[in-house]
Amino acid sequence: MKYLGIEPKRLRFAVFEFTGCEGCELQLANKEETLLAFLGAVDVVEFREVSSARNGAYDVALVDGAISRTDEVERLREIRARAKVLVALGSCACFGGVNRMKNACDLDQANREVYGDHPKETLPTRAIHEVVPVDLKIPGCPVSKAEVERIVQHLLFEVPYQFPVYPVCLECKQHFTVCLFDKGQLCLGPITRGGCDAPCPAGGLGCWGCRGKAADANIDEFRSIARERAHGEREIAERLGFFGGFEEHS
Amino acid sequence: MKQLFYPFDISLESEMKEPLDFNRRSRTKDVDRVFRAEITNVIRLTEMEKLFQVRIMDDAERQRFTFLPGQFLMLELPGYGEIPISISSAPTNKGFLELCIRRAGTVTGALHKARRGARVGLRGPFGTHFPMEKMKGNNVLLIAGGLGLAPLRAPIFHVIQNRSDYRNVHIFYGTGSPEQLLFDYQYDEWRRIDDIEMEVIVERPDPNWKGPVGLITKLLDHVEINPRETYAIVCGPPIMFKFVCARLSDLGVPMQRMFVSLERRMHCGMGKCCRCNVGSTFTCMDGPVFDYWSVMNLKEAI
Amino acid sequence: MLFRTLAKPDFKALVERILASTEVIGPKRVGTDRHGRPIHHYLPVESFDEIDLDYETTEFSAKTYFLPYKENLCSYRFQDDDWRQEIRYRIQPRAIIGLHACDIHALIKLDKALARDFFPSPYYISRRKNTFVVGIDHDPCEGGFCRSLGTDTATHGFDLFLTDLGERYFVAIGSDRGFRALSGLPAAEITEQDTEDYLRVRKRIAAGFKTEINVQNLPNLLDIEFESPVWEKWGGKCLSCGSCAMVCPTCYCYGVSERVSMDFASGAKTKQLYSCNLIDFAVVAGGHNFRPNRQTRLKYRYYHQHRGFMEAYDEPKCVGCNRCGRTCLAGINPVEVIRDLQAEDET
Amino acid sequence: MKIDLNVDVHHLTRVEGHGNIHVRVRAGKVEEARWDVVETPRFFEVMLKGKHYTTAGILSARICGICSIGHCLASVRATESAFGLEVPEAAKKLRLLAKHGETLQSHVLHLFFLAAPDFLGAPSVLPLVEKAPEAVKLAVRLKGAGNRLCDAVAGRTTHPVSLQVGGVAVLPPRARLLALRDELERTLPDLAAAADLIAGFDVPRFERETEFVSLRGESEYPFIGGRLVSSDGVARAEHEYREMTNEYAVASSTSKWCRLSRASFAVGPLARFNNNHRLLHAEAKKLAARLGLEPVCHNPFMANVARLVECVHVTHDAIRLLEETAAMGEVKTMADVAPRAGEGVGAVEVPRGILYHHYAYDGDGRIARANCVIPTTQNNANIHHDLPVLAERFAVDGMTDEKLELLCSMLVRSYDPCISCSVH
Ligand SMILES: Cc1cc2nc3c(=O)[nH]c(=O)nc-3n(C[C@H](O)[C@H](O)[C@H](O)COP(=O)(O)OP(=O)(O)OC[C@H]3O[C@@H](n4cnc5c(N)ncnc54)[C@H](O)[C@@H]3O)c2cc1C
Ligand code: SF4
Ligand code: SF4
Ligand code: SF4
């Protein structure tokens, strides 16, 4: 599109992964309907998971995964130094993700349990922004490809992108999904940032809060609602702590 | 059953076939159709503001398009979004419309990159207007703060073009600093040719600044106001028009004779999306131009 | 108005005839809530048997079939440096079977705001005119306060309206289209017995209402109690989730956004229903938020329902279905909020 | 002539996760050939401890973004077996459908996006978008079909939501199931075209005899649960998985290693094929014969052919299942769950091989101990032991560092390792 007489920029993208499941990267190859158009709009210059090419300079670095080892810290710093825009892709990169639950354990003990006499180096899990400054955070476990595409378009056209501020409930209602609380389950929908299209409640699973806090989330009221419906403190705290997006509340 | 459910196609309704004219509320049904318009010129005013001259491309549509000072348009950049923008040119100007736009977000950000020849969509005009008819034979105070000069330009042009209808005309304009002044190339013409008293004030002067320094209310200290024969139009941020109107009220100008233009979030311009609802009032339909008395009576208006 | 009676099997035959030619929406049971009560939604059905006309209420209103949660307003094709706008309206006919009186009133209110007033919405009109509406009488639902708002019976706004008389339906015919729908069916002229039975049922229904509130003084009261602590009390609970507006049969606020396809060849302007309870509802450029607090936003929802709409159309926008009250996790419901306001006013 | 060769691959590309290859050939002799996994460990087994059974599947899905459905299924199966729970028939069918969707999308992803560039002489699929657009479009269609199957049944492709302890939380609408069936039927010609493409690949001729471990199908090609079998004749029950895996930690790698009758064994599509080929769909058998895949095949590079054969199998089987599930009407898809103390194992054939989750539960429905054995963990030692033999075999005249590096990389890729998964 050469609309308004502006040729969209051709940005060079690089994709890097750290501690995580690489599901967010996989999303870049998903949404097949638009995959070719997506690849036509950007130059992917480095993406180890799908390409052997490593051609140096890039503008935007998409980083998925959390940071949990010294070599990762080094690698991330290098990427930060080279990238014009550093994007944290997914809940692990934005909040630490599920890996963060590890921080509650004694790491030596954990090491002994898993590796016996061959312990491995490991640091407490950190989100990307706890190590280097981040320009943009795209939460989600996994990220929504539709949202990533929109953000990429905004990057190409250099106009700001506004994340939805409303909670997941709104989209649940718009999909005629029966409220999980009505089925006796716990759901973080009322306090979690929407925009994912609420796939979890639609699939019969409460929201686990992977996109972090909605703007102005009423956590106190949420807690009392959950308690009233016989969800215990432990269940609530575990849920809030799951992806790290409610860190200060779990 | 077949004829029972004979499909109804609204595009075949007679109103839909009439030429699009947003001035005929309730007759217009093709409400989301835009006028295709071309940006004919882009003038950089300041770091943050640009003036866009746009021209409705279809000759018949352009001829039919009329608006009154104070009304606004919904300006659409297909694919980016649609935003309300005051019309900043003379109502009599049939050739093109002028829109003065500050870079604030998605749509305005994209627009600021547009060049001559780019095509945008327009819907409108919408909303109420300044009562220029009623003001005839009176003194007129035109007071603007910052970007408020944009909606004020249409009434200024109206007054200039019908100069003999009005008595003393003052323009008071204030901004933060001298480089934020809009349309500074026009002040001289207004003063010298159009017999308008114009005074400009800034809060933070630079070394070259020779004019007064301070808040806009300061300019009101020296004017002679005959409350019975004066109308005021005040455009700017709420905090500014609140002080100005209070000051004018102290000077005896009735609140029904002061007019302000309110800004709200708008997603339709037609009283449907409810985003601009203030109390029981739709800013897009019952406003954006309100007399100050109504504003005082609107809950949370300012 | 014309009235007929129709034996139940004949009504089934009617629905089956409609089903054969067009999409049919009806109340469908979709599950059970944690208290063991059935949950119903208005959903497309494939056969008459899927429709459960005995439903108490539905979780969502039927407005989505007139005012979809997401709707394309227009699309754009981009080529070179230019674009073309394309607008399409929905003209596929559809029938909704089994709307209650409150929901029909909701449509009448939406008609006023969206089809009759300034700038009639062609999207709404297209859907409304292409939808065949069959209403039905029912015993009062729990918590519903439609009677207080005069929306417990409907005299227009539908094509057919049924009242269950046991073996047969008492049918009010609300349109020429409704009249024609009955042609070819053994619909009988009403007898004195029918009228008597009908009135008896109506009386039973009327006697069944338990929830009543006084809404007469609300427009004034809302103004007087603008700074009332009641808003703090209820607003403090609000999750700003917008569920209430989504399920409400008359809430129609929305937001518009645009997007372009990934190949930059086309774009679309989409409308998404929004809620005045959501935090950014009244944010303007520059970031100023006219309603930054939960309580002001909640207040404005009531303001619009019971005062704003009243000023514009001489009637409140609320129809008293209490769907918002039922859906609200925080337990915010119009009956208690309004009673609180009235109590506040008395002290 | 004496040949010296050096291969040093740091963070091998086009595989999931981080691994390194080192090969030293001096005077035609292999001095060193190693496969090191350097992925950062995540300690899932520790994080699973204390988790409620409703959370276990959700957490363990995050072990791997590519086979999250497999992880989730193994997890809920382990829990169900600990609770002594039987899931409704309908749920079993839906689970298998989700499994098939994952197999299809993962295999296509591997074949076209990760493996094909090697055979077509490209660094990645990206240049192929221009050079071989038809092949890419075909891959995109096939992968899309797999993903849509997952979306419909599991609620999502990556990190499923509907696969829960007790069954499947929602029954997809009939219309959606039938539409998917139609879509899969339309992709059959795409599979045939894919076969033509892969038939043209020059598969390296290399064999090393090894042991193959997989589930053993009784009447169906196995995917979810059942008995365990090895091509060397070992047979065990699902809960005896430890005797099949014999996991141990090694100093050089963050992934563990496994062994059975020999120093190492292999799992994955080739193992499944070698142990269960007779249960494949007739069309899949035909394709295997056409592409020269015969049991017992000891050429690891042939795993790519086995993948395509499995794609054909799961597509046909999914069409059958979609018809059956669409005809079910409104049936129960969730069993009532009553947690109890106990242990359970879930074995699931994920795209890269057999996966085990093993949980011990306390009386409150919380996990006391967890153990997960990942396919790539089981393959790592085998990859490691393949490398010297491969280097030996190809350390001949005309071999260069680059060529050997490519061969070694292709060998590792043929296992489609999922490294972050193996270091969970
Ligand atoms: C009647 C009327 C007349 C107007 N006339 C003019 C005029 O003549 N000239 C002019 O320049 N402007 C005028 N405006 C203002 C103009 O409409 C806005 O500047 C414009 O809508 C901004 O659009 P945008 O897409 O560029 O910004 P947006 O991308 O919409 O965002 C603008 C700012 O709003 C805030 N924001 C937006 N969305 C959110 C959200 N979801 N959550 C939190 N914050 C958010 C952010 O702070 C952002 O920086 C007028 C407004 C009205 C109502
Ligand atoms: S519903 Fe909740 S857990 Fe699911 S994707 Fe959305 S934010 Fe994440
Ligand atoms: S009133 Fe209830 S349903 Fe409405 S936004 Fe507030 S919490 Fe949500
Ligand atoms: S405000 Fe509540 S009670 Fe009133 S119509 Fe809407 S949902 Fe029903």
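Parameters at a glance
- Residues numbered from 1 in each chain as written.
- Chains lettered and ligands numbered in written order.
- Predicted model: local features only at pLDDT ≥ 70, side-chain atom pairs only at ≥ 80, totals over all residues.
- Heavy atoms only, no water.
- Pairing = 2+ DSSP bridges.
- Helix = DSSP H or I, 4+ residues; strand = E, 2+ residues; numbered from the N terminus.
- Contact = heavy atoms within 4.5 Å.
- Axes fitted to C-alpha atoms, helices over the stretch in contact; angles between N-to-C directions.
- Salt bridge = Lys/Arg side-chain N within 4 Å of Asp/Glu carboxyl O.
- Buried area = accessible area lost by both parts, 1.4 Å probe.
- Polar contact = N/O pair within 3.5 Å; in protein donor to acceptor, adjacent residues only side chain to side chain.
- Nonpolar A, V, L, I, M, F, W, Y, C, P; charged D, E, K, R; others polar.
- Near = heavy atom within 4 Å.
- Domains from an automatic or database assignment.
- Buried < 20%, exposed > 50% of the residue type's maximum accessible area, 1.4 Å probe, protein only.
- Core = buried A, V, L, I, M, F, W, Y, C linked by side-chain atoms within 4.5 Å.
- Parallel < 35°, antiparallel > 145°, perpendicular 65-115°, else oblique.
- Left-handed = near helix turned anticlockwise from the far one by under 90°.

Residues and elements named next belong to chain C. Spatial ordering of the open sheet is given by β3-β2-β6-β7-β8-β9-β1-β10, a layout of 8 strands whose pairing is mixed. Each end of this open sheet is capped by a strand with a single partner; those strands are β3 (38-45) and β10 (188-189). Here strand β7 (residues 131-136) runs beside strand β8 (residues 160-164); their pairing, made up of 3 bridges, is parallel. Its bridge partner lying in β8, V134 is registered against L160. Sheet contacts for helix α5 (residues 192-207): β1 (2-7), β8, β9 (168-173) and β10; angle to β9, the most-contacted strand, approximately 90°.

Okay, the pattern of salt bridges next. Residue and element names in this part refer to chain B. Throughout the structure, instances matching the rule amount to 99 salt bridges over all chains. Its salt-bridge partner being D30, residue R33 comes within 3.3 Å of it at the nearest N-O pair. One continuous salt-bridge network, built from bridges that share partners, spans E13, E15, E18, R24, R27 and K29.

It is worth spelling out the interface of chain C and chain B at this point. For interface size, the figure often reported is the accessible area lost on association. At the interface, 60 residues of chain C touch 56 residues of chain B. Together, the buried faces of chain C and chain B total about 5,100 Å²; carbon and sulfur atoms form 60% of this surface. Contact with chain B buries surface across chain C, with W83, F119 and F290 of chain C losing the most and accounting together for 17% of the total. Between chain C and chain B we count 5 salt bridges in total. Residue R36 of chain B is joined to D82 of chain C by a salt bridge in which the shortest nitrogen-to-oxygen separation is 3.2 Å. Where chain C touches chain B, the interface holds 23 residue pairs in polar contact (both at pLDDT 80 or more). In terms of residue class, the side of chain C that touches chain B is made up of 35 nonpolar, 9 polar and 16 charged.

Take the site of ligand 1 next. Ligand 1 sits among 26 residues. The nearest are P84, C100, R102 and T108 of chain B together with D280 of chain C. Chains contributing residues near ligand 1 are chains A, B and C. One of the backbone nitrogen or oxygen atoms of T106 of chain B is found 2.8 Å away from an oxygen atom of ligand 1. Grouping the constituent residues of the shell around ligand 1 by class yields 14 nonpolar, 7 polar and 5 charged.

What follows is about the domain arrangement of chain B. All names here are of chain B. Looking at the assigned domains, one finds that chain B contains domain 1 (10-126) and domain 2 (139-296). Listed per partner, the contact involves 25 residues of domain 1 and 24 residues of domain 2. At the surface where domain 1 touches domain 2, the tally comes to 1 salt bridge. With a shortest N-O distance of 2.3 Å, R153 and E98 are connected by a salt bridge.

This part is about the pairing of strand β6 (residues 211-216) of chain D. All names here are of chain D. Across the 6 residues that make up β6, a large majority, 5, are buried. Here β6 runs beside strand β7 (residues 227-230); their pairing, made up of 4 bridges, is antiparallel. Within β7, the residue paired with S214 across the bridge is V229.

Attention shifts here to unusual backbone geometry. All names here are of chain B. In this structure, the amide linkage connecting G124 to the following residue, P125, adopts the cis form with an omega of 5°. Among the structural elements, P125 can be located in strand β6 (residues 119-126). Cis rather than trans, the peptide bond between G287 and P288 has omega equal to 5°. With respect to the helices and strands, the residue P288 is situated in the loop between β13 (281-282) and β14 (289-291).

Right, let's talk about the nonpolar core for a bit. Counting residues in hydrophobic clusters, the biggest one holds 280 residues, and the most contacted among them are I21 and L293 of chain D. Counting residues per element, this core draws most heavily on helix α4 (residues 89-119) of chain D, which supplies 15 residues. Here L293 of chain D is in contact with L270, F273, A288, M302, V305, A306 and V309 of chain D, once residues within four sequence places are set aside. In this structure, C169, C172 and I225 of chain A together with C238 of chain C belong to the second largest nonpolar core, which totals 47 residues.

Our next topic: the packing of α4 of chain D against helix α6 (residues 133-154) of chain D. Residue and element names in this part refer to chain D. Between α4 and α6, the shortest axis-to-axis distance is 8 Å and the interhelical angle comes to 155°. Classified by the interaxial angle, the pair formed by α4 and α6 is roughly antiparallel. In this structure, α4 crosses over α6, and the sense of that crossing is left-handed. The segment α4 lies against α6, with L94, L97, A98, H100, G101, E102, L104, Q105, V108, L109, F112 and F113 engaging A135, L138, A139, L142, K143, G146, N147, L149, C150, V153 and A154. Looking at side-chain class alone, the contact of α4 with α6 contains 16 nonpolar, 5 polar and 2 charged residues.

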